[in-house]
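Residues per chain are reported as follows:
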Amino acid sequence: TNPKGRIIEDLKERVKDRSLQKSEEMIIWLMIHKPGLIKKVSESGVLREFQNPLLQSIGIEIGKTYEKRGIFQLSQVLGVLDEDSKRILSEIAILEFKLEPTEEEKMLRDCIRRIKEERLKKDKKDLLNRIKKAEREKQERVLEALLKERQDLIKREKSLWEIM
């Protein structure tokens with residue numbers, strides 16, 4: 001591709017990454033400000049699919065603390081995080097969003113769906129590259145396993161729309 005095309009693609013990717021990070025941050029915000037949603041977040045498995053490792057560890061820690069104590073206290077979570085995570089959690093905690101109670105669950109579902117869709121796209125792209133490599137190198141056994149993995153991805157994609 002030409003340099004201008006590459007710049008545009010790079011920009012699109014950064015915007016998409018930023019949008020994905022915003023979804024991850026919103027889930028953390030909802031966990032902090034609407035602790036009743038923590039269990040749903042944990043049960044959805046979305047924290048495992050976060051692409052930002054700091055946000056992921058913050059979310060996991062919030063879930064662990066809530067599960068242990070049955071309540072959420074920001075100070076307890078801050079007490080076990082490293083400095084970078086504390087800073088990020090504090091920044092997210094002070095953000096203000098005006099959401100009606102009816103909008104909170106919809107916002108959570110939308111964020112979970114976006115994160116899972118992005119992970120699925122990434123996994124599909126990686127798998128496609130591995131399939132092409134196995135085909136080029138005529139690795140029949142590997143190709144067979146990868147095609148089974150592709151079927152699992154298709155099932156994951158279908159279930160994404162069923163759960164939400």
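Right above here is the structure, for reference.
Along each chain, residue indices are assigned from 1 in the same order as the chain's sequence is written. In keeping with the predicted nature of the model, local features appear solely for residues at pLDDT of at least 70, side-chain atom pairs appear and are counted solely at 80 or more, and the whole-chain, interface and lining totals rest on all residues. No hydrogens and no water enter the side-chain calculation; it runs on all heavy atoms of the structure.

Trainee: What am I meant to see in the side chain of K116 here?
Mentor: Every helix listed is a DSSP run of H or I at least four residues long, and every strand listed is a run of E at least two residues long, numbered separately from the N terminus. Among the secondary structure elements, K116 is positioned in helix 6 (residues 101–136). Classification of residues uses two cut-offs on accessible area relative to the type maximum, computed with a 1.4 Å probe and protein chains only: under 20% is buried, over 50% is exposed, and between them is partly exposed. Judged by its relative accessible area of 13%, K116 is buried. If sequence neighbours within four positions are ignored, K116 has contacts with S44, V46, E49 and L160. In what follows, residue pairs with any heavy atoms lying within 4.5 Å of each other are defined as contacts.

Trainee: So what exactly am I meant to see when it comes to the pattern of salt bridges here?
Mentor: Whenever Lys or Arg places a side-chain nitrogen within 4 Å of a carboxyl oxygen from Asp or Glu, that contact is recorded as a salt bridge. Counted under the stated rule, the structure contains 16 salt bridges. Residues K116 and E49 are paired through a salt bridge, measuring 3.9 Å at the closest nitrogen-oxygen approach. With K116 in helix 6 and E49 in the loop between helix 2 (38–44) and helix 3 (53–69), the pair connects residues that are 67 residues apart, well separated along the chain. The same class applies to K116 as to E49, namely buried. R130 is paired through a salt bridge with E149; the nearest N and O atoms lie 2.9 Å apart. Of this pair, R130 sits in helix 6 while E149 sits in helix 7 (residues 140–163), and the two are 19 residues apart along the sequence. E149 sits in the partly exposed class, given a relative accessible area of 33%.

Trainee: I tried to follow helix 3 on my own but got confused; where do I start?
Mentor: Think of an α-helix as turning once every 3.6 residues; residues three or four places apart then point the same way. Expected span of a helix: the number of residues minus one, times 1.5 Å. Here helix 3 contains 17 residues, and its C-alpha end-to-end distance of 24 Å stays within 8% of the 24 Å for a straight helix at 1.5 Å per residue. Those residues of helix 3 that fall on the buried side of the exposure criterion are L55, I58, G59, E61, I62, G63 and T65. Capping the start of helix 3, N52 holds a side-chain oxygen 2.9 Å from the backbone nitrogen of L54, two or three residues further along. Looking one or two residues beyond helix 3, the residue adopting positive phi is G70, at roughly 80 degrees. We define a polar contact as two N or O atoms separated by no more than 3.5 Å, with the added condition that, inside protein, one atom must be a possible hydrogen donor and the other a possible acceptor, whereas residues neighbouring each other in sequence contribute only through side-chain atom pairs.

By themselves, these figures tell us nothing about what the structure is for.
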